[in-house]
There are 4 protein chains.
Amino acid sequence: MAKIPVGILGATGMVGQQYIALLANHPWFEVRYAAASPRSAGKTYREAVAGRWHATAGGGFPHPSVWDLVVQDANEISRALAANKAGDCAFVFSALEMGKDEIRALEEQYAAAGFPVISNASAHRWTADVPMLIAEVNPQHTDIIPAQQKARGWDRGFIAVKPNCSIQSYTTPVYALIKAGYEIKRIIVSTLQAVSGAGYPGPASLDMLDNIVPYIGGEEEKSEKEPLKILGGIRDGAIVPAEGPAISAHCNRVPVVDGHTACVSLEFGGQKPHIDEVKRVWREFRALPQELELPMAPERPVIVREEEDRPQPRKDRDADKGMAVSVGRIRPCAALDLRFVGLSHNTIRGAAGGGILNAELLKFRGYIQ
Amino acid sequence: MAKIPVGILGATGMVGQQYIALLANHPWFEVRYAAASPRSAGKTYREAVAGRWHATAGGGFPHPSVWDLVVQDANEISRALAANKAGDCAFVFSALEMGKDEIRALEEQYAAAGFPVISNASAHRWTADVPMLIAEVNPQHTDIIPAQQKARGWDRGFIAVKPNCSIQSYTTPVYALIKAGYEIKRIIVSTLQAVSGAGYPGPASLDMLDNIVPYIGGEEEKSEKEPLKILGGIRDGAIVPAEGPAISAHCNRVPVVDGHTACVSLEFGGQKPHIDEVKRVWREFRALPQELELPMAPERPVIVREEEDRPQPRKDRDADKGMAVSVGRIRPCAALDLRFVGLSHNTIRGAAGGGILNAELLKFRGYIQ
Amino acid sequence: MAKIPVGILGATGMVGQQYIALLANHPWFEVRYAAASPRSAGKTYREAVAGRWHATAGGGFPHPSVWDLVVQDANEISRALAANKAGDCAFVFSALEMGKDEIRALEEQYAAAGFPVISNASAHRWTADVPMLIAEVNPQHTDIIPAQQKARGWDRGFIAVKPNCSIQSYTTPVYALIKAGYEIKRIIVSTLQAVSGAGYPGPASLDMLDNIVPYIGGEEEKSEKEPLKILGGIRDGAIVPAEGPAISAHCNRVPVVDGHTACVSLEFGGQKPHIDEVKRVWREFRALPQELELPMAPERPVIVREEEDRPQPRKDRDADKGMAVSVGRIRPCAALDLRFVGLSHNTIRGAAGGGILNAELLKFRGYIQ
Amino acid sequence: MAKIPVGILGATGMVGQQYIALLANHPWFEVRYAAASPRSAGKTYREAVAGRWHATAGGGFPHPSVWDLVVQDANEISRALAANKAGDCAFVFSALEMGKDEIRALEEQYAAAGFPVISNASAHRWTADVPMLIAEVNPQHTDIIPAQQKARGWDRGFIAVKPNCSIQSYTTPVYALIKAGYEIKRIIVSTLQAVSGAGYPGPASLDMLDNIVPYIGGEEEKSEKEPLKILGGIRDGAIVPAEGPAISAHCNRVPVVDGHTACVSLEFGGQKPHIDEVKRVWREFRALPQELELPMAPERPVIVREEEDRPQPRKDRDADKGMAVSVGRIRPCAALDLRFVGLSHNTIRGAAGGGILNAELLKFRGYIQ
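Fair warning: this is a prediction, and the values are worked out from it, not measured in the lab.

S.K.: Explain the relation of the copies chain D and chain C residue by residue, including any values.
M.R.: Rotating chain D by 180° and translating it 0.0 Å along the rotation axis places it on chain C, where the RMSD comes to 0.0 Å. With respect to symmetry, the two chain copies, as superposed, fit the operation of a two-fold axis. A symmetric contact is evident, with 100% of the interface residues of chain D recurring at the interface of chain C.

Put into structure tokens, the structure is as follows:
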């Protein structure tokens, strides 16, 4: 089977690099088009990232297959269309780093031009007819795409997004409990987030040596609201967020390179599961990506650790290709009902890896060809 | 006024060193006796800590006034008695690092021998007639000392302890609200604790580089229960813990040298104060140590920071000699009622500095002479 | 081809774990025997490393193929012999962590019992008839093995060691220049070494947060002398160290997980190569492991980086499976002749990976079957 | 005695803040004028640094005495002249952070307007008639000031600078040996430099977590050349750099907040002192600032540490108010003659503290009034 040619918008940034790294040997997709800011345009990809290649996969270099791609200006959609005609760009991953309004407009232009846009950006997360996907949680939200296309007069193009990296460490475990029949009323979560989540350069080392910063701009709002859209339903061509659970997030930046940790307290409505039942639910949780054996899907979406001091970011972030959520310290909560610690890789599960998994789902569903 | 001569038990350990550093120029107390493990006994203090002096005050050296103190074996109380007779040891700070049972027994032996023992250890925290003091919160608990002395047949000796370092970042702010008339029903706190809290060597660097550890043995239990004793009352010669609030603690070790951060969510019973009222209460909070102008007392026990990203451990731990609790990010909680971030210096406010303040209070009350 | 069954002595320690991780899918060797201290004996490998698995390959778990190996007491050679008879242990990698004398004796007992011993320990590095191998530099030193066996009356058993991790970042580049015909008279090297080089727990986090330690016990002596044995010749059944270059090493421990960096100044005797010639020599350097295409051999032993700020440990340590030495900042020296920065992965190239490459060389030469 | 009123140019930056912190209780000088970029102009000092106050002295706040100073635009010298007339600015410390050419011109304008300018910037370090002072090493270079004033037609104004922070850890110890009669031919130094040396934000945390960067732009050139000007002589109204020693510097950025460490190898010409003699020279070294008992002068400019693993940045940088250079690991060098490790506080000794000491010297000499 010939691989589907894919373009990366924002290919030289932190998340763009992670896309390049993760797609190096992908069985379905192949990077054949790279676009970034005008500053990088015209350079080969290798030149464009020289001195700022951060992905460590590949031992400090991008994969040779992309070295000689000439980076295009992401604002010039005509270039992408030409690449499309040449068979080099069937759809795009958006890892754009610009103002929110610019990203929103540009992604719409790509979609209008016929490109499926799988976006990592926050710009369209609250657009009512744009699905915000965690492939294991709300794959059915892809059903809104035809309505999106129709309403906007788009043909094959559409926009699908993924949620913020901060919510990945608790949303899937919480969903697994909901799917098992438990009602969840309240969630209080404190996150300890890695610096790579802020892109490069991100936090100054003066703020991250012998220090933590108990604040990340905009992150608590995202962490509290995005799960509700993901848990919501489709009505009249729009995704209607769920009304609960009530979520309170304290977001902290800590001196960790990759891997977001979440300390979670839950309150159940109705029946409260025993700790052993919670572990069983998480151990046995499988969803559509696992059934379909999508290439990027982790074998087990939730890995239960029994050690008293796990999960830990450096040791557990890479579990199952960086795509699994590791949970541990599952115990009763003295103020609500249940406590646990969740951990996921923010630039893999929480960014490029999650985007690729969404693209695999969309390909399976026929939206990407 | 002649200074009161004081001894340090466990003088060569992490907390013992901090006592030495903080007492270097104390107006009331003077270190004239140092005891530690048999391994250090017989050495001068300077020799005993050579190569393992961690307190940075003094530019890498202990204060010259203690260089030539000959370290004694802490197990040999006869030495302390001899020092007492020589006018060199009126009371002791216990910073012992041994098994809990050994510490409990040894501290009792010092008290029986006539020494007031101001302890940093956890051994006697749950002994019903031993006060666990935060000088701004429960100074009235010193009233139990006569009952303690009587029940045990001790003359001038007694034991008073201080709580765990992890609770200092939220207990005083919570108490200030209680004192202002607000009922607090539930507290959920996630702590980000500094490595110095574990003594030396403490956590391995392999666990603290590009990593956090979401577990500290025994710390969550202490963090949940100790505030209740501090908020309790005296009945029949025993301190009876308060029945609430319900406290749930997630304790994390993070790569920070000094300074424990706490992300706190509170639920009020009855009336819920407005955010501005909470800030006013904290800004205006003063207690006995401030009224008495005790030397180690911070001017303001709680410092309210208005910046959106403070308090931070490296920048705020030293506020008011390391004795103030800094609070910030005071805002409503989406799941309970109120959220804030508290921070205190764990080896000053949370250990040696807190012990010295307690000793100052006990001196004022006449228990130390 | 059936894989050769191999045992790991010290299988539960830091380097032992790295052997387990690197051999997970090795084309020639398969771990079928694991031995460690009596404390671990009798446990399955998975139990024995629970809570202290540090290798991050595998996402926080050892490879499933070794989970159920029952760990044996490394002191009981009878167990290894039984495994050998059962076809489970043809040779051993020694990653023992004990006193030097004990390791020396135990490794000799294994060799006497018929096992080729490929050792990571320093115990036998200065035994005159034991080769200390960097496969790209002195593969010819394997020729001493028959003399070693004869002198000691050993049959198939023998001992071969690898040098200290600190020298890998400069010895291969220096050798490449020597091989190209340049004489090197003096080397001054400052190393910035990762904490994993000290095993677990290794340096305390209190010494590695906001700090560096300009001292590593015994490391400077090893760094100055070991290259001389490697560059030496065989005479009368003994390896005679080279007489130069004079090497001066400043060894520093820095807060880096993996990857030793070396800042090197060189003085040439005779002809002094131009910077471009130095780069050419390093870029073109290939040696026996490359010619033989040994599985663990890097494609290029020395990778020349042109960026002004590379190599860097986190970004470059994994180059070519962690087996290449990355060099950069190649420039004239204002006090000697040439300066550069070298970097290698200390637990891969500098420990388990280097040991495996040596075993591959010894298998090719027929010493391991 | 009334204090001399002083202004800080670049008062809101990293070094400017350090000046504010160190001058809080200075016996001779008092900050009464603060100037910075137009962005800060018009704000009170407290507002201008809100959220970016990095100096930890003062517990996270600048000293109250400067809270209400209205920050002026440093480009508007008329403001400084008005302050001068009002008795609020007798001279200025320059901690400007701009382009080199702009700084050079602006400092000259201040000097022309009658202000002594004590600068931390590199702009005028190689201006032949501008002294580059380490108060213990070349105080006699202040003698060039009259020639500077005359050549430029300046009245009371002049410019004096201090050298780069990187050279402080070895230049004073090296000078002490020269002063004791030893000739030094070659120096090879590897520095491990703290991130605060780069100002704020400085290095990205992604480059300083689990990493070091073996490159600092322009730093090696400064480290190699500036000592030669300091060791030079005055001839015909110009400072003529010394011709030696030859210095080779490898400059590395490491994850340390404050404190530059230097690993130094020296070659002597002529007589080579014994290690004990070297220690004696350093222990006994005293210079003009010590004789004059200048307020900021350390009691001992060079502190010899005997522990095998000292000096270390976090433990030793604050020695003697952060003004002493700590040296240790004094031992023979296997390639040159002598090795040692030097350490100094880069934002105190190496920046604001060094500047203040220079101002004290200049006041003593009558150049500041």
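S.K.: Outline the relation of the copies chain C and chain B, supporting the account with residue identities and numerical values.
M.R.: Overlaying chain C with chain B gives an RMSD of 0.0 Å, the required rotation being 180° about an axis along which the chain moves by 0.0 Å. Both copies contact each other with a shared surface, as 100% of the interface residues of chain C are interface residues in chain B too.

S.K.: Before we move on, can you summarise the nonpolar core with the specific residues and values?
M.R.: Membership of the largest hydrophobic core comes to 222 residues, with the highest contact counts inside it found for Ile8(C), Ala34(C), Val92(C), Ile8(D), Ala34(D) and Val92(D). For Ile8(C), the residues in contact, after removing those within four places along its chain, are Gly16(C), Tyr19(C), Ile20(C), Val31(C), Ala34(C), Val92(C), Phe93(C) and Ala95(C). With 220 residues, the next largest nonpolar core counts Ala123(A), Ile145(A), Ala249(B) and Val327(B) among its residues.

S.K.: How would you sum up unusual backbone geometry? Please name residues and give values.
M.R.: The amide bond that connects Tyr200(D) to the next residue, Pro201(D), takes the cis arrangement and shows omega of 5°. Tracing the backbone through its elements, the reader meets Pro201(D) in the loop between strand E7 (183–193) and helix H7 (205–208). Put simply, Gly244(D) and Pro245(D) share a cis peptide bond, and its omega is 5°. Following the sequence through the fold, Pro245(D) ends up in the loop between strand E9 (238–240) and strand E10 (246–253). Positive phi, normally seen in glycine, also occurs at Asp236(C), with a value near 55°. With respect to the helices and strands, the residue Asp236(C) is situated in the loop between strand E8 (233–235) and strand E9 (238–240). Positioned with a positive phi, Arg329(C) is a non-glycine residue whose angle comes to about 50°.

S.K.: For the interface of chain D and chain C, give the residues involved together with the corresponding values.
M.R.: Contacts between chain D and chain C engage 36 residues on the former and 36 residues on the latter. Broken down by secondary-structure element, the contributors of at least two residues to the side of chain D that touches chain C are E7, E10, strand E11 (260–269), helix H11 (313–316) and strand E14 (338–344) of chain D. Residues belonging to the side of chain D that touches chain C are distributed by class as follows: 20 nonpolar, eight polar and eight charged.

S.K.: Can you tell me about the sheet that holds strand E1 (residues 4–9) of chain B, naming the residues and giving the values?
M.R.: Residue and element names in this part refer to chain B. What the six strands build is an open sheet, ordered E3-E2-E1-E4-E5-E6; its pairing is parallel. In this open sheet, the two strands that pair with only one neighbour each are strand E3 (72–73) and strand E6 (158–161). Direction of pairing for strand E5 (residues 116–119) relative to E6: parallel, over a ladder of four bridges. Within the sheet, the bridge partner assigned to serine 119 lies in E6 and is valine 161. Sitting on the sheet, helix H4 (residues 100–112) touches strand E4 (91–94), E5 and E6, and the angle it makes with E5 is about 150°.

S.K.: So what about the domain arrangement of chain A? Which residues, and what values?
M.R.: Residue and element names in this part refer to chain A. When its domains are assigned, chain A resolves into domain 1 (4–164 + 351–364) and domain 2 (166–345). For domain 1 and domain 2, the distance between their C-alpha centroids amounts to 25 Å. Elements represented by at least two residues in the side of domain 1 that touches domain 2 include exactly helix H5 (145–152) and helix H13 (348–364). Take the side of domain 1 that touches domain 2: its biggest share by element is six residues, from H13. Looking at the side of domain 1 that touches domain 2 residue by residue, the classes come out as 18 nonpolar, eight polar and seven charged.

S.K.: Give a description of the pairing of strand E4 (residues 91–94) of chain C that names residues and reports values.
M.R.: All names here are of chain C. By the alternation rule, side chains of E4 split into Phe91 and Phe93 and Val92 and Ser94, which are all buried. Summarising the sheet, strand E1 (residues 4–9) and E4 pair through four bridges and their orientation is parallel. Residue pairing in the sheet places valine 6 in a bridge with phenylalanine 91 of E4. Judged from the three bridges that link them, E4 and strand E5 (residues 116–119) form a sheet pairing that is parallel. Residue pairing across strands places phenylalanine 93 opposite isoleucine 118, the latter belonging to E5. The β-α-β motif built from E4, the intervening helix H4 (residues 100–112) and the parallel element E5 has right-handed crossover chirality.

S.K.: Let's hear about the packing of helix H1 (residues 14–22) of chain D against helix H13 (residues 348–364) of chain D: which residues, and what values?
M.R.: All names here are of chain D. Put simply, H1 and H13 touch, their axes get as near as 9 Å, and they point 55° apart. Judged by the inter-axis angle, H1 sits oblique to H13. For the pair H1 and H13, the crossing hand works out as right-handed. Contact residues: H1 offers Val15, Gln18, Tyr19 and Leu22, while H13 offers Ile348, Ala351, Ala352, Gly353 and Ile356. Looking at side-chain class alone, the contact of H1 with H13 contains seven nonpolar, two polar and no charged residues.

S.K.: Any details on the environment of Asp316(A)? Residues and values, ideally.
M.R.: Residues and elements named next belong to chain A. When you line up the elements, aspartate 316 lands in helix H11 (residues 313–316). C-beta crowding within 10 Å serves as the criterion here: with 27 such atoms nearby, aspartate 316 is assigned to the buried category. In sequence terms aspartate 316 and serine 326 are ten residues apart; their C-alpha atoms lie 6.9 Å from each other.

S.K.: Just give me the short version of the interface of chain C and chain B, but keep the residues and values in it.
M.R.: Listed by partner, the interface residues are 15 residues for chain C and 15 residues for chain B. Grouping the constituent residues of the side of chain C that touches chain B by class yields ten nonpolar, four polar and one charged.

S.K.: Describe the confidence of the model for chain A, and please don't skip the residues or the numbers.
M.R.: Per-residue confidence for chain A gives a mean pLDDT of 96, with 99% of residues at or over 70. Interface confidence in the predicted complex, given as ipTM, is 0.95; pTM for the same model is 0.96.

Quick notes on the rules
- Residues numbered from 1 in each chain as written.
- Chains lettered and ligands numbered in written order.
- Predicted model: local features only at pLDDT ≥ 70, side-chain atom pairs only at ≥ 80, totals over all residues.
- Least-squares fit on C-alpha atoms with pLDDT ≥ 70 in both.
- Contact = placed C-beta atoms within 7 Å.
- Core = buried A, V, L, I, M, F, W, Y, C linked by C-beta atoms within 7 Å.
- Buried ≥ 20, exposed ≤ 12 C-beta atoms within 10 Å, placed from the backbone.
- Helix = DSSP H or I, 4+ residues; strand = E, 2+ residues; numbered from the N terminus.
- Nonpolar A, V, L, I, M, F, W, Y, C, P; charged D, E, K, R; others polar.
- Pairing = 2+ DSSP bridges.
- Axes fitted to C-alpha atoms, helices over the stretch in contact; angles between N-to-C directions.
- Domains from an automatic or database assignment.
- Right-handed = clockwise from strand over helix to strand, strands pointing away.
- Parallel < 35°, antiparallel > 145°, perpendicular 65-115°, else oblique.
- Left-handed = near helix turned anticlockwise from the far one by under 90°.
- pLDDT = per-residue confidence, 0-100.

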